[in-house]
Each structure stands twice: as structure tokens, then as C-alpha cells.
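Okay, here's what each chain looks like letter by letter:
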Amino acid sequence: MGRWAGDDISDDKRRLKVMKTLRGFGHHAQYSVFECRLKRGDVKRLEKRIRALIREEEDDVRLYLLCEQCVPRIRPLGKAELAPRADYRIL
């Protein structure tokens, strides 16, 4: 059986805590996608907070770090809009 959106973090309470943490760092772009503008220290701080909230043997959280040159290559389709700042990271 495959994984479905929404079971990246298996426990609802943990998922909510991770979502609240991510909202403190950036923009909730889609159901399980956050766009965050982060400095190197912020990335480490966010990763530490998420690691403290999840169960690594059960949950699946991914941080995709994009360089500033990559961000302009993002192609939003439909009503999608990027976060207002151009130098953010996608999480």
C-alpha cells in the first residue's frame, strides 16, 4: 500500500506541532508544503525543532534547500503564488 498526503507525520498532534513550527518560519503554500526564507542558522534551528517533534522511525519530513539562483526557476501554475520575497527556501 502506498503513502498518501497527510500521513507524512503519522500522529495528528505531532503533525499539528510541526505545522505550527513551520508557520513560525515561513508561508504555508500547499497542504504539506511550506516556503520559508531562512538564513543558515535558521535552517539549523528549524531542523533541530522538527527533529525534537517527530518520531524518526515513523514520520517523513523533508527539507529541500534551494540556492538563490534556483528560486527564480520555480514555475507556479494556476492560481499558485510564491511567497513575496525572492530569497526563501522551500521546505
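Everything below is about the structure shown above.
What follows is about the overall build of the chain. The secondary structure content of the chain amounts to two helices and three strands. Secondary structure elements of the chain occur, N-terminal to C-terminal, as α-β-β-α-β. For the chain, with 91 residues in total, the buried portion stands at 25%. Considering only residue pairs separated by 6 or more positions, the chain has 58% of its internal contacts joining residues 24 or more positions apart. As displayed, the chain offers around 7100 Å² of accessible surface, 52% of which is attributable to carbon and sulfur atoms.

Now for a nonpolar patch on the surface. There is a patch of nonpolar side chains on the surface, built from Val61, Leu63 and Leu65 and spanning about 220 Å² of accessible area. Within the element layout of this structure, Leu65 appears in the loop between α2 (40-53) and β3 (89-90). For Leu65, a relative accessible area of 52% translates into the label exposed.

This model, assessed by the stated rule, comprises eight salt bridges. Residue Arg14 pairs with Asp59 through a salt bridge whose shortest N-O separation is 2.9 Å. Note that Arg14 is positioned in helix α1 (residues 12-23) and Asp59 in the loop between α2 and β3, a separation of 45 residues in sequence. When the shortest N-O distance is used, the salt bridge between Arg62 and Asp60 registers 3.1 Å. On the basis of relative accessibility, which here comes to 25%, the residue Asp60 falls in the partly exposed class. A single salt-bridge network, built from bridges that share partners, covers Arg14, Arg55, Glu58 and Asp59.

Time to look at the nonpolar core. Ile9, Val18, Met19, Leu22, Phe25, Phe34, Cys36, Leu38, Val43, Leu46, Ile50 and Ile54 together form the largest nonpolar core, which totals twelve residues. Elements supplying a minimum of two residues to this core: α1, β2 (33-36) and α2.

Attention shifts here to α2. Between its terminal C-alpha atoms α2 stretches 20 Å, which fits the 20 Å expected from 14 residues at 1.5 Å a residue. Of the positions making up α2, those classed as buried are Val43, Leu46 and Ile50. For α2, the arc enclosing every buried residue in end-on projection is 70°, short of the 170-degree limit, so these residues lie on one face. Seen from the open side of α2, the exposed residues pointing more than 90 degrees away from its buried face are Lys44, Lys48 and Ala52. Where α2 is buried, its residues meet α1.

Criteria and thresholds
Residues numbered from 1 in each chain as written. Predicted model: local features only at pLDDT ≥ 70, side-chain atom pairs only at ≥ 80, totals over all residues. Heavy atoms only, no water. Helix = DSSP H or I, 4+ residues; strand = E, 2+ residues; numbered from the N terminus. Buried < 20%, exposed > 50% of the residue type's maximum accessible area, 1.4 Å probe, protein only. Contact = heavy atoms within 4.5 Å. Areas by Shrake-Rupley, 256 points an atom, 1.4 Å probe, with all protein chains shown as cover. Patch = residues over 30% accessible without salt bridge, like charges linked within 9 Å, V, L, I, M, F, W, Y side chains within 5 Å. Salt bridge = Lys/Arg side-chain N within 4 Å of Asp/Glu carboxyl O. Core = buried A, V, L, I, M, F, W, Y, C linked by side-chain atoms within 4.5 Å. Expected span 1.5 Å × (residues − 1). Arc of directions from axis to C-beta.

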